[in-house]
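Structural description and commentary
Now for the letters of each chain:
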Amino acid sequence: MAHRRALLGWASSKRKGDDINVLRRHGARGSRTRWSGPAGDRVGGPVAGLVRAFGWTSAPLWSATSLLTGVLVWFLSAPPRSWWWCLPAGSLLVVMGLDGLRGRSRAWSCWVAGWLWATASLWWLTEITVIGYVAASVVIGSLLTLALRLAAPPGRLPRPASRSTTGPGRRVPLGGTGRTTAADLVRDYGALPACMALLEMVLARFPLQGFPLPALSLGQASGPFAVAAAWGGAPLVTLVSVASGVALARVLQTGWAERAGHRAVRVSPAPARTRDHHRTGGRWLLSAGKRSLPSLAVLAAAALVLATPIALGAQVHSQSNGQLHLSLVQGGGPRGLRAVFSDPNQVTQRHLVLAEDLGDDIATGKVPPVDLVLLPENVLSVSGPVASAPQQRRVAALAERLRAAVVVGVVETASTTFRNAAVLWDGEGRIVGRYEKEHRVPFGEYLPARALLSRISSAGTLVPRDALVGVGTAALDVPTARGTVRLGTVISYEGFFADRVREAVQAGGQAILVPTNAASYSYDVVPALQLAAAQLRARESHRTVVQSAPTGYSAIVDADGQIVQTSDLGRAQVLTATVDLHEGQTPYIRWADLPVFAFCLVVMVMVSLRVRLRDSRSAPPAGNPNGESSHGQHQTL
């Protein structure tokens, strides 16, 4: 029963007005009003009024339910669950829901879906700022609403066939009145994937210079589609993942259409065999496969198209250029505590004590010597430049004791501003490099519209200073016993942005360092998002990514995006490993989002042109409001 309703909505969007009326008229044990009557006729009270206000009839109500369920399944694909298969499954439901919606019901359903997905995906923001959560939900929900509307462009529905065109003994072609064209395939298979890929690109740049944490690609970091990131980054991963669900939906819909056409529509025996009919069991039935691609052919073509970027991504490898032995220090401590309410000296003490214990283990031979020790973001909090702070002498002594380079996250505060930097000490205790964070965290490291928000909320108290935007290249030249190694460096939030890692790799970074800090969050959502982002950045650049956090997750991710080691949340730990260094550039590092953006743009242009052409052909001739030609035939698209 449910699949028949989905079929009706899909077929009407594919220029099958005649066939829909045939299915409605001859459907097994179904009356016409059962499909087209308002749901309010069967539901009483305020629910009926709501249904009528949204323009939902019985069939669109099922479609709206499919759409809303689909976006909730999308939410389930996100970390920390990372159920990658939920994105294709949700896309199947979303596209089937969009197919059955028109006009006001589509507009309302897309708006509710966007709001539902955004509020569910960003709930963890309430720990930091309720105002920010509301604002982000409204903006990002609106972006998804727009993407869904573009994926199902409005168009004129086919006019119903007149009663004289169908009936016993009449030939009724199934599958529409025209052949499937390339524009039809692009519209049916490419619109939703292209819109979701474009949404991924937009979130990396807007709002507030980018907020990609709810991006659909993060849930695919451990899935099979993530291999495509080497060619097209996170947008291509999203595109292929969504396209797999859309392709499966189209295959199911094609099969259902064929079954429904053969089973539901029966006409009286014809005197002679024709091209549009075939004999089955002594009865003449409609041939559904004449004007549509067979299900198996559609499935094979879709599988081939989807497998291509995955196969190409699996072949991308960069040249190995030696190894680096390093340790990551995670000091542990309480989680869910904002920086303004924590004691920075305790954070410094926990991490430096653990690093000094590592030095003792190296001195006694329990641990082999290392080339680099990475400490997390915000481990040192000093007033003024770190070079003149007393804490730097302790770090210098640690570097001399380890006889290794040490990278520490440092916060240099001033009266109204601060700098967030990763500072490098060499094995002789000298400061030899630094990288200052360029992409700041809104509502965490700076307050948008500070004057306004400080008056209406406590946000000004929680973020008393704004971080200064750093300048320079996202890389550090780390001295080792075998020579200087250039390592790309991005700090915390920057790990969500592919352009920051791209800059680091293009500058010669042979591995990526990510000092980060997610201690302000009680739940594991943000640490899991950071870990997923590290996996995607590793696949995009084919570089090892090492991430160190005060309370987790600290992790080592190899160049293929596989997690080699990871820490426990809240626990004091030291991770030690030998990682590979790489050189060279992947296709994504060379071309960034440009190829995927161009592809999506072509898809949307073809969809737009197809809709305009469909509207122009479906418009009734002047003086013929019923849409019938001079021969009394029903005018179709």
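Residues numbered from 1 in each chain as written. Predicted model: local features only at pLDDT ≥ 70, side-chain atom pairs only at ≥ 80, totals over all residues. Heavy atoms only, no water.

**Comments concerning the pairing of strand S13 (residues 512–515)**
Of the two faces of S13, the one holding Ile 512 and Val 514 and the one holding Leu 513 and Pro 515 are both buried throughout. Two elements, strand S12 (residues 483–489) and S13, share two bridges in a ladder whose sense is parallel. Of the residues in S13, the one forming a bridge with Thr 489 is Leu 513. Examined bridge by bridge, S13 and strand S14 (residues 545–548) share four bridges and lie parallel to one another. Along S14, the bridge assignment pairs Pro 515 with Ser 548. With helix H17 (residues 525–541) bridging S13 and the parallel S14, this β-α-β connection has right-handed handedness. (Buried < 20%, exposed > 50% of the residue type's maximum accessible area, 1.4 Å probe, protein only. Helix = DSSP H or I, 4+ residues; strand = E, 2+ residues; numbered from the N terminus. Pairing = 2+ DSSP bridges. Right-handed = clockwise from strand over helix to strand, strands pointing away.)

**Considering helix H13 (residues 390–402)**
The end-to-end C-alpha distance of H13, which contains 13 residues, comes to 19 Å, matching closely the 18 Å that a straight helix rising 1.5 Å per residue would cover. All of the buried residues in H13 are Gln 392, Val 395, Ala 396, Leu 398, Ala 399 and Leu 402. Looking down the long axis of H13, one finds its buried residues gathered within 160° of arc, a one-sided arrangement. The exposed residues of H13 that point more than 90 degrees off its buried face are Pro 390 and Arg 393. Those residues of H13 that are buried are in contact with helix H12 (344–363), strand S5 (372–374), strand S6 (380–383), strand S7 (405–413), strand S8 (417–425) and strand S9 (431–436). Immediately beyond the C-terminal end of H13, within one or two residues, lies Arg 403, with a positive phi of roughly 55°. (Expected span 1.5 Å × (residues − 1). Arc of directions from axis to C-beta. Contact = heavy atoms within 4.5 Å.)

**Remarks on the nonpolar core**
Grouped together as the largest cluster of nonpolar side chains are 73 residues, with contacts concentrated most on Trp 74, Leu 98, Trp 124, Leu 148, Leu 192 and Met 196. Counting only elements with at least two residues in this core, the list comes to helix H5 (58–76), helix H6 (86–99), helix H7 (103–121), helix H8 (130–151), helix H9 (182–203), helix H10 (229–264), H17 and helix H19 (594–618). No other element matches H9, which puts ten residues into this core. The contacts of Trp 124, once residues within four sequence positions are left out, are Phe 211, Leu 213, Tyr 521, Val 525, Val 526 and Leu 529. The next biggest cluster of nonpolar side chains, apart from the first, holds 37 residues, and it includes Leu 328, Ala 555, Ala 577 and Ile 589. (Core = buried A, V, L, I, M, F, W, Y, C linked by side-chain atoms within 4.5 Å.)

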